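# Report on the structure
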Amino acid sequence: MTDTAAVATWLADFAALVHENANLLTDLDRQIGDADHGSNMERGMTAVAALDPGQYPEPAALLKAAGMTLVSTVGGASGPLFGTFFLRLATAATGPDMSPAEFAAGLEAGLAGVVARGKASEGDKTMIDSLAPAVRACQEAIAGGDSLADALHKAAEAAAAGRDATVPLIARKGRASYLGERSRGVQDPGATSVALLIESAARTLH
Ligand code: ADP
Ligand code: MG
């Protein structure tokens, strides 16, 4: 059941995971960016976790508030991109309980929003490299009759594989692209935080 309480649990769990991994995210961004991805994500998700779920009777409203909070509190590229993801995910939610099919469609809409906003494709060494395979895995699993929990576990595995596959890539979007060849050999920070987002969804949503 993906109601407001479940979404709130997911967001709080992701905020905690971002907090635990903030140094890793910043360290990756230090190597191929400007060393702020951990603090950007932590600032944004701390504000999201402080939202009062009681004020949002339906998941769509809480997801929308989360998206707007990220857009307004995070200065870096990742704020508008993660914010857009949640705003688009919200558009797939109807009523007090998102169905597994709605959730999978919402992930797909979220991915489309991030692509529209950032203009990156798979292989450009960005968050798309973990988000796109995760969305595909989730959609396939739901279409095949899996529960949301099973589908999200498959999505989390796909996201982790996509994150790992960013290591040898040359960045073609965002700050890391300024490094050209020198961006090779480092895992993309945003792909790392997206893998945390999906891992968190897999352990909190059923
Ligand atoms: P900034 O680059 O502004 O310092 P962050 O450090 O918070 O912002 O986020 C960097 C991450 O944002 C990158 O690791 C990458 O995954 C993601 N990113 C940057 N530009 C794009 C883009 N155009 N499309 C998708 N993701 C992007
Ligand atoms: Mg940065």
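Here, residues in each chain are numbered from 1, in the same order as that chain's written sequence. Written order decides the labels, with chains lettered from A and ligands numbered from 1. A pLDDT threshold of at least 70 governs which residues receive local features in this predicted model, and a stricter bar of 80 or more applies before side-chain atom pairs are shown or counted, although totals over entire chains, interfaces and linings include all residues. Where side-chain values are given, they derive from all heavy atoms of the structure, hydrogens and water being excluded.

### Observations concerning the nonpolar core
Grouped together as the largest cluster of nonpolar side chains are 59 residues, with contacts concentrated most on Trp 10, Phe 82, Phe 86, Phe 103, Leu 152 and Ile 198. Strands here are runs of E lasting at least two residues and helices are runs of H or I lasting at least four, both read from the DSSP assignment and numbered beginning at the N terminus. Breaking this core down by element, the ones donating at least two residues are α1 (4-32), α2 (37-49), α3 (59-73), α4 (78-91), α5 (100-118), α6 (128-143), α7 (148-164) and α8 (189-204). In terms of residue count, α1 provides more of this core than any other element does, 10 residues in total. Each nonpolar core is a collection of buried residues, namely Ala, Val, Leu, Ile, Met, Phe, Trp, Tyr and Cys, held together in the definition by side-chain atoms within 4.5 Å. The cut-offs for exposure are 20% and 50% of the maximum accessible area for each residue type, with area from a 1.4 Å probe on protein chains only; residues under the lower value are buried, those over the upper are exposed, and the others partly exposed. Counting five residues, the second-largest nonpolar core is a separate cluster that includes Ile 32, Ala 171, Ala 176 and Val 186.

### Quick notes on the coordination of the magnesium ion (ligand 2)
Here the coordinating atoms are restricted to nitrogen, oxygen and sulfur within 2.8 Å of the metal centre, or 3.2 Å for Na, K and Ca, and because water is not among them the sites may look incomplete. Each protein donor to the magnesium ion (ligand 2) is listed here as Asp 29 (OD), Asp 34 (OD) and Asp 36 (OD); together their distances run 2.1 to 2.2 Å. Mapped onto the sequence, the residues coordinating the magnesium ion (ligand 2) show the spacing D-x4-D-x1-D. Asp 36 gets classed as partly exposed once you look at its relative accessible area, which sits at 22%.

### A short note on the site of ligand 1
Lining the immediate surroundings of ligand 1 are 20 residues, of which Asn 40, Ala 77, Ser 78, Gly 118 and Asp 188 lie closest. The definition of a polar contact used here is a pair of N or O atoms within 3.5 Å, where within protein one atom must be able to donate a hydrogen and the other to accept one, and adjacent residues in sequence count solely through side-chain atom pairs. Within the side chain of Asp 34, one N or O atom sits 2.9 Å away from an oxygen atom of ligand 1. One of the backbone nitrogen or oxygen atoms of Gly 118 is found 2.8 Å away from a nitrogen atom of ligand 1. Protein chains shield 92% of the accessible area of ligand 1, which is 570 Å² for the free molecule. For cavity detection a 1 Å grid was placed over the protein atoms alone, and a set of points counts as a cavity when a 1.4 Å probe fits there but cannot get out; an open set counts as a pocket when protein lies on both sides within 12 Å along at least five of seven lines, with lining residues being those that have an atom within 4 Å of a point. Assignment of a molecule to a cavity or pocket requires that more than half of its atoms lie within 2 Å of the corresponding grid points. Judged by the fraction of its atoms near the pocket grid, ligand 1 is located in the largest pocket. Here the element with the most residues in the shell around ligand 1 is α8; it accounts for three residues. By convention in this text, a residue qualifies as near a molecule or strand provided that one of its non-hydrogen atoms is within 4 Å of it. Per-residue and other accessible areas follow the Shrake-Rupley method at a 1.4 Å probe size, with only the shown protein chains counted as cover for residues.

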